[in-house]
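Working through the structure, step by step
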Amino acid sequence: MQPKDGDVVVHCGHIDAGLKHLYELTPPRPFTRPDHTKGLAKFLITCDACLATASQNPLRVLIRGDATWDGDAPLWEDPTVH
Ligand SMILES: [Zn+2]
């Protein structure tokens, strides 16, 4: 399971955190940015600390940003794929 080119990913904002978790959102979840534009997230990436704060429930993680997956990005090799 890998994000594909063009997939929208929401994240907790801690890109540089060491251990991160990737969740596929099925169905994709709509969200609204602070500028009121809307998006549809197919994946959620959270660091270990934010997941712990959210009581291990990825749907309760505080989202601080979104990004569009670049097809040239390295494949996700973290073992903590859910
Ligand atoms: Zn985080």
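Above: the structure in question.
Right, let's walk through the structure included here. The shown structure was predicted, so the numbers you read here are calculated from the model rather than taken from an experiment.

About the criteria used
- Residue numbers run consecutively from 1 along every chain, following the written order of its sequence.
- In keeping with the predicted nature of the model, local features appear solely for residues at pLDDT of at least 70, side-chain atom pairs appear and are counted solely at 80 or more, and the whole-chain, interface and lining totals rest on all residues.
- For the side-chain quantities, the full set of heavy atoms in the structure was used; hydrogens and water were omitted.
- Elements are defined by DSSP. Helices are runs of H or I of four residues or more, strands are runs of E of two residues or more, and each kind is numbered from the N terminus.
- With a 1.4 Å probe rolled over the protein chains alone, any residue whose accessible area is under 20% of its type maximum counts as buried; one over 50% counts as exposed, and the rest are partly exposed.
- Whether two residues touch is decided by their heavy atoms; if any such pair falls within 4.5 Å, the residues are in contact.
- Only nitrogen, oxygen and sulfur atoms qualify as donors, and only when within 2.8 Å of the metal (3.2 Å in the case of Na, K and Ca); with water excluded, sites may look incomplete.
- Strand pairing is assigned whenever DSSP detects at least two bridges linking the two strands.
- Between N-to-C directions, angles span 0 to 180 degrees; the directions come from axes that are lines fitted to C-alpha atoms, helices contributing only their stretch in contact.

Further remarks concern the overall build of the chain. The number of helices and strands found in the chain is one helix and four strands. In the chain, the succession of α and β elements from N to C terminus is β-β-β-α-β. By the burial criterion, 35% of the 82 residues in the chain qualify as buried. Pairs at least 24 residues apart make up 66% of the contacts formed inside the chain by residues separated by at least 6 positions.

Turning to the side chain of His11, a few remarks are in order. Mapped onto the elements, His11 comes out in strand β1 (residues 8-11). The exposure class of His11 is buried, given its relative accessible area of 14%.

Let us now look at the coordination of the zinc ion. The protein atoms donating to the zinc ion are Cys12 (SG), His14 (ND1), Cys47 (SG) and Cys50 (SG), with metal-donor distances spanning 2.0 to 2.4 Å. When the donor residues of the zinc ion are listed from N- to C-terminus, their spacing reads C-x1-H-x32-C-x2-C. With a gap of 35 residues between them, Cys12 in the loop between β1 and β2 (20-32) and Cys47 in strand β3 (residues 38-47) connect regions that are remote in the sequence. Note on accessibility: Cys12 and Cys47 belong to one class, buried.

So, on to unusual backbone geometry. Geometrically, the link from Thr26 to Pro27 is a cis peptide bond, its omega value of 0° lying close to zero. Here Pro27 is to be found in strand β2. The backbone of His36 shows a phi angle near 75°, a positive value even though the residue is not glycine. For His36, the position within the fold is in the loop between β2 and β3.

Before going further, it helps to examine the pairing of β2. Where β2 and β3 come together, nine bridges link them in antiparallel fashion. Paired with His21 across the strands is Thr46, a residue of β3. Count of turn residues in the β2/β3 antiparallel hairpin: five residues, of which His36 carries a positive phi of about 75°.

Strand order across the open sheet formed by four strands is β2-β3-β1-β4, with mixed pairing between neighbours. Strands with a single pairing partner mark the edges of an open sheet, and in this sheet they are β2 and β4 (65-68). Neighbour to neighbour, the strand axes of the sheet diverge by 30° on average, direction disregarded. Two elements, β1 and β3, share three bridges in a ladder whose sense is parallel. Residue pairing for β3: Val10 is matched across the bridge by Leu44.

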